[in-house]
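Chains, contacts and geometry: an overview
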Amino acid sequence: MFGRKRVMMVGIALFLLGSVLCAVAWSMPALIWFRVLQGLGAGAILPMSLTIAGDIYSLAERAKIQGYLASVWAASSVLGPTLGGVFSQFVSWRWIFWVNVPIAVVAAVVLWSRFHEKEREGEREPIDYLGAALLTGGSTALVLGLLEGGHAWAWASLESVGIFAAAAVLLAAFAVTARRNAHPIFDLGLLRRRAVGASTAAGLGVGVITLGLTTYVPIYAQGVLGVGPLVAGFSLAALMVGWPLAATVAGRIYLAIGFRWTAVIGSVIVLFGALLTLGLGPGSPVWHISAAVFVIGIGMGLVAVPTLVAAQHSVEWNERGAVTATNMFSRSIGQAVGVAALGAVVNAMTTVGADGTPDGPGLATAVHVVFWCVVGTAALMFGTVLLLPRDNPRTAPAAP
């Protein structure tokens, strides 16, 4: 309704303002609320950046551009925590937020000066405020219930039942209003399209696997294999190395064999890498776990890129933003589910230390259960990408 550029600029502005406020936060509640502001900005930046790439590049060009985007994301995932640790230990934790300021300013200047889009003609559709409120409230309650269940309150407690019931009621009300509204905030009918529905389901799997590995591989490396935090971090970094490497070549592969078969091959590789983790034991060398997550990263790069591009390619220009945001949101929900389900399993089989980290004699067995869950999720993801429609990207039209 308002254009990609305006939404992206608002997102950058909110993220920049949130970063500055976080850097000068005077209390923990203030820091939390300023992080919410940062999150609102990031919620506009991430899907809009991928949507803009889908707008200005042809399908063949996106084969290379998606690789660049994946490489930036993976490098940030490795460098961000490292810089955060350096700032916290040697300078000040506030620099974790100050460092965002020059990056956001450069992004805003380049976007404003170099990205041009046509003004939309005609009247804009009315904004579905009711649907937006119901979707926001329902999804927030769902994520909050998944994240806090078993921690802030017991799963069977009145608080847990109440928040999940509220989530169900709000999301059901959203579904009803979305069907009746001529211009809903999100058209649920899009999910009935095979490319969109399958890519959204695959996004859930990507979220569960990514969070499961990033949470428990370092814990396993330190608590079971007995290595230090630095080596444990490098063992996980192999995931972030394999992912962009595969994402870089994923475009060329899907141009040759199609989105569906590229994602199928990727999911098979993810499943193979997940099976490798089952061979880990207390005496395993750390390179074993690095090799396993590297293989999983290769597979992830071949799943995440083609499923997203397939969903974007299957819809019209005015639907592309909603489809991209839905794919990103499904990954976030997958991460929340991963935190809740895997955390409940591990906490039930171990003792939790003062710092909140699982420990004790049952740690090796508990994390092995996590690895089995990753295997199961990878198998389900293989089934979802098989639902993608057969395609021939070579015949795709150029970007407008």
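Residues numbered from 1 in each chain as written. Predicted model: local features only at pLDDT ≥ 70, side-chain atom pairs only at ≥ 80, totals over all residues. Heavy atoms only, no water.

1. Brief notes about the overall build of the protein chain
Counting its secondary structure elements, the protein chain contains 13 helices and 2 strands. Expected size for 400 residues packed as a compact globule is a radius of gyration near 21 Å; at 21 Å, the protein chain falls within 12% of this value. In the protein chain, which comprises 400 residues, the share counted as buried stands at 44%. Here the contacts in the protein chain between residues at least 6 apart in sequence split such that 78% fall between residues at least 24 apart. The average position of the 22 basic charges and that of the 16 acidic charges among the side chains of the protein chain differ by 7 Å. (Helix = DSSP H or I, 4+ residues; strand = E, 2+ residues; numbered from the N terminus. Rg over C-alpha atoms; globule rule 2.2 N^0.38 Å. Buried < 20%, exposed > 50% of the residue type's maximum accessible area, 1.4 Å probe, protein only. Contact = heavy atoms within 4.5 Å. Lys, Arg positive; Asp, Glu negative; His and termini not counted. Charge placed at Lys NZ, Arg CZ, Asp CG, Glu CD.)

2. What to know about a nonpolar patch on the surface
Nonpolar side chains collect at one region of the surface, where M1, F2, V7, I127, Y129 and I185 lie side by side and expose about 530 Å² of accessible area between them. Along the chain, I127 falls in the loop between α5 (100-114) and α6 (129-148). (Patch = residues over 30% accessible without salt bridge, like charges linked within 9 Å, V, L, I, M, F, W, Y side chains within 5 Å. Areas by Shrake-Rupley, 256 points an atom, 1.4 Å probe, with all protein chains shown as cover. Salt bridge = Lys/Arg side-chain N within 4 Å of Asp/Glu carboxyl O.)

3. With respect to the packing of helix α11 (residues 286-313) against helix α12 (residues 317-349)
For the pair α11 and α12, interaxial distance at closest approach is 9 Å and the crossing angle is 150°. Classified by the angle their axes make, α11 and α12 are roughly antiparallel. The two elements α11 and α12 meet at a crossing, and its hand is right-handed. Touching A304, L308, A311 and Q312 of α11 are R320, V323, T324, N327, M328 and R331, all from α12. For the contact of α11 with α12, the class distribution of residues is 5 nonpolar, 3 polar and 2 charged. (Axes fitted to C-alpha atoms, helices over the stretch in contact; angles between N-to-C directions. Parallel < 35°, antiparallel > 145°, perpendicular 65-115°, else oblique. Left-handed = near helix turned anticlockwise from the far one by under 90°. Nonpolar A, V, L, I, M, F, W, Y, C, P; charged D, E, K, R; others polar.)

4. A closer look at the confidence of the model for the protein chain
Of all residues in the protein chain, 95% have pLDDT values of 70 or greater, and the mean over the chain is 85. In the model, residues 396-400 has pLDDT below 50 throughout and makes 9 contacts with residues more than four positions away in sequence or in other chains. (pLDDT = per-residue confidence, 0-100.)

5. So, the pattern of salt bridges
In this structure the tally under the stated criterion is 3 salt bridges. Of the charged contacts, one joins D55 and R4 as a salt bridge, the two residues approaching to 2.6 Å between their closest N and O atoms. In this pair, D55 sits in helix α2 (residues 28-56) while R4 sits in helix α1 (residues 4-23), placing the two residues 51 residues apart along the sequence. The exposure classification of D55 matches that of R4, with both residues buried. For E319, the salt bridge is made with R193, and the minimal N-O distance between the two is 3.4 Å.

6. Considerations on the packing of aromatic side chains
The tally for this structure, following the rule as stated, stands at 5 aromatic pairs. Here the aromatic rings of W26 and F34 are separated by 5.6 Å at their centres, their planes lie at 75°, and the arrangement is edge-to-face. Classification of F34 as buried rests on a relative accessible area of 13%. A centroid spacing of 5.6 Å and a plane angle of 65° characterise the contact between Y220 and F371, whose relative ring orientation is edge-to-face. In this pair, Y220 sits in helix α8 (residues 194-223) while F371 sits in helix α13 (residues 363-385), placing the two residues 151 residues apart along the sequence. (Phe/Tyr/Trp six-rings, centres within 6.5 Å; stacked < 30°, edge-to-face > 60°.)

7. Observations regarding the packing of α6 against α12
For the pair α6 and α12, interaxial distance at closest approach is 8 Å and the crossing angle is 30°. Judged by the inter-axis angle, α6 sits roughly parallel to α12. Here α6 contributes S139, L142, V143, L146 and L147 to the contact with α12, which in turn contributes F329, I333, A336, V337, V339 and A340. A class-by-class count of the residues in the contact of α6 with α12 yields 10 nonpolar, 1 polar and no charged.

8. Section: α6
Helix length check: α6, at 20 residues, gives a terminal C-alpha distance of 28 Å against a target of 28 Å (1.5 Å per residue), a fit within 8%. Listed as buried for α6 are G131, L134, G138, S139, A141, G145 and L146. The buried residues of α6 occupy one face: seen down the axis, they fall within an arc of 155°. On the buried face of α6, the contacting elements are α7 (158-180) and α12. Two residues or fewer after α6 comes G150, characterised by a positive phi angle close to 85°. (Expected span 1.5 Å × (residues − 1). Arc of directions from axis to C-beta.)

9. Details of the environment of A30
The topology assignment puts A30 in helix α2. By relative accessible area, A30 is classed as buried at 9%. Note: C-alpha distance between A30 and A108 (78 residues apart in sequence) is 26 Å.

10. Topic: the nonpolar core
Core analysis: the biggest nonpolar cluster contains 53 residues, and I209, L213, Y220 and I296 have the highest contact counts within it. Those elements that place two or more of their residues in this core are α3 (59-90), α8, α9 (229-257), α10 (259-277), α11, α12 and α13. A total of 11 residues in this core trace back to one element, the largest contributor, which is α13. Look past the residues within four positions of I296 in its chain and what remains in contact with it is I209, L213, L239, V270, G273, A274 and T277. Of all hydrophobic cores here, the second largest spans 9 residues; its members include L134, F174, L190 and V196. (Core = buried A, V, L, I, M, F, W, Y, C linked by side-chain atoms within 4.5 Å.)

11. Quick notes on α1
The end-to-end C-alpha distance of α1 is 28 Å, a good match for the 28 Å that 20 residues give at a rise of 1.5 Å each. All of the buried residues along α1 are R4, K5, M8, G11, I12, G18, S19, C22 and A23. Considered in projection along α1, the buried side chains sweep an arc of 160° and stay on one side of the axis. On its buried face, α1 sits against α2, α4 (95-98), α5 and α12.

12. As for the side chain of D55
Judged by relative accessible area, which is 7%, D55 ranks as buried. Here R320 takes part through its side chain, which lies 2.5 Å from a polar atom of the side chain of D55. (Polar contact = N/O pair within 3.5 Å; in protein donor to acceptor, adjacent residues only side chain to side chain.)

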